[in-house]
Amino acid sequence: MDSQANVRARAIFLCEQTGLIPPHELPDYATELLVLGYDSPTLRELAGLPKGDRTDAADMWDIVRDELSVRYEDEEEAARFLLKYWAQEVVDGRIDVLMGSRLMYRAGWFPLGQPTELHELVNLLDDWDDMPQRHERTASELLHFARKLLGLET
């Protein structure tokens, strides 16, 4: 497995851990983990659950974590990783800047205790909602914020 696959897998596990993935979507992420090269008996079973029968998905996910020896991470460590992860996804163009910015907010704002480093993000998301005529400019500023968060700009 390459490092990009490991980073994506860690992001999946941390998104589930922090509540960013609802239980009914876990089979879809199990399928993605299989594609990334992860494998376990329960992971295969979870990936095969039909859309209408996903009530056991959360319990199965816990078993998958055990089978793959994936530990739960400290909340702050998880939030900081996900902030950088979503920023990188935005900068690399793999995710829409607005969606990525909202995910950065969800991953970091409250879990990190509303840190000053995210005030600009919060203000820009407010601008997006309050000033639709500035969407293009705000999107550019959100991209600039993501780049700064990664240390690519000052």
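Further up the page is the structure itself.
This one's a predicted model, so the numbers in the text were calculated from it and none came from an experiment.

Before we move on, can you summarise a negative patch on the surface with the specific residues and values?
Together, Glu45, Asp53, Asp56, Asp59, Asp62, Asp66 and Glu67 make up a negatively charged patch on the protein surface. With four residues, the single largest contributor to the negative patch is helix α4 (residues 57-68). Examined against the element boundaries, aspartate 59 turns out to sit in helix α4.

Account for the side chain of glutamate 89, with residues named and values stated.
With respect to the helices, strands and loops of the structure, glutamate 89 is situated in helix α5 (residues 75-91). Taking the relative accessible area as the measure of exposure, glutamate 89 reaches 9% and is therefore buried. In contact with glutamate 89, other than residues within four places in its own chain, are Gln4, Arg94 and Ile95.

Describe the packing of aromatic side chains, and please don't skip the residues or the numbers.
For any two aromatic rings, the description comes down to two numbers: the centre-to-centre distance and the angle of the planes. Within the structure shown, the criterion is met by six aromatic pairs. Look at phenylalanine 13 and tryptophan 61: their rings are 5.1 Å apart centre to centre, the planes differ by 40°, and that puts the pair in the tilted class. Within this pair, whereas phenylalanine 13 is found in helix α1 (residues 3-17), its partner tryptophan 61 is found in helix α4, the two being separated by 48 residues in sequence. Given the relative accessible area of 3%, phenylalanine 13 is considered buried. For the ring pair tyrosine 105 and tryptophan 109, a centre distance of 6.3 Å and an interplane angle of 20° mean the geometry is stacked. Joined through ring pairs, the aromatic side chains of Phe81, Tyr85 and Trp86 make up one cluster. Arginine 10 extends its terminal NZ or CZ atom over the ring of phenylalanine 81, reaching a point 4.0 Å from the ring centre. Positioned above the aromatic ring of tyrosine 72, the side-chain terminus of arginine 65 is 3.8 Å from the ring centre.

Would you mind going over helix α7 (residues 119-130) in detail, with residue names and values included?
Taking 1.5 Å of rise per residue, the 12 residues of α7 would be expected to cover 16 Å, and the 16 Å separating its terminal C-alpha atoms lies within 8% of that figure. The complete set of buried residues in α7 reads Leu121, Val122, Leu124, Leu125 and Trp128. For α7, the angular spread of buried residues about the axis comes to 165°, placing them on one side. Here the buried face of α7 lies against α6 (97-108) and α8 (135-149).

Got a sec to walk through the environment of isoleucine 12? Specific residues and values, please.
By secondary structure assignment, the location of isoleucine 12 is in helix α1. Once the C-alpha coordinates of isoleucine 12 and isoleucine 95 are considered, the two residues, 83 residues apart in sequence, prove to be 15 Å apart. Among all residues touching isoleucine 12, those that are not within four sequence positions of it are Ile21, Tyr29, Glu32, Leu33, Leu36 and Trp61.

Give a detailed account of the nonpolar core, specifying residues and quantitative values.
Core analysis: the biggest nonpolar cluster contains 49 residues, and Leu33, Leu46, Leu82, Trp86 and Met104 have the highest contact counts within it. Contributions of two or more residues to this core are made by α1, α2 (26-36), α3 (41-47), α4, α5, α6, α7 and α8. Not counting residues within four places of it along the chain, the set of residues in contact with leucine 33 comprises Ala9, Ile12, Phe13, Tyr38, Leu43 and Trp61.

Describe in detail the pattern of salt bridges, supporting the description with residues and values.
Taken as a whole and assessed by the stated rule, the structure comprises 17 salt bridges. Note that arginine 137 and glutamate 141 form a salt bridge whose closest N and O atoms lie 3.0 Å from each other. A residue pair is termed a helical-turn pair when its members lie 3 or 4 positions apart in one helix, as arginine 137 and glutamate 141 do in helix α8 at four residues. The class for glutamate 141 is partly exposed, based on a relative accessible area of 23%. The network of salt bridges with shared partners includes Arg10, Arg71, Glu73 and Glu77.

Calculation rules
Residues numbered from 1 in each chain as written. Predicted model: local features only at pLDDT ≥ 70, side-chain atom pairs only at ≥ 80, totals over all residues. Heavy atoms only, no water. Patch = residues over 30% accessible without salt bridge, like charges linked within 9 Å, V, L, I, M, F, W, Y side chains within 5 Å. Areas by Shrake-Rupley, 256 points an atom, 1.4 Å probe, with all protein chains shown as cover. Salt bridge = Lys/Arg side-chain N within 4 Å of Asp/Glu carboxyl O. Lys, Arg positive; Asp, Glu negative; His and termini not counted. Charge placed at Lys NZ, Arg CZ, Asp CG, Glu CD. Helix = DSSP H or I, 4+ residues; strand = E, 2+ residues; numbered from the N terminus. Buried < 20%, exposed > 50% of the residue type's maximum accessible area, 1.4 Å probe, protein only. Contact = heavy atoms within 4.5 Å. Phe/Tyr/Trp six-rings, centres within 6.5 Å; stacked < 30°, edge-to-face > 60°. Lys NZ or Arg CZ within 6 Å of the ring centre and 35° of its normal. Expected span 1.5 Å × (residues − 1). Arc of directions from axis to C-beta. Core = buried A, V, L, I, M, F, W, Y, C linked by side-chain atoms within 4.5 Å.

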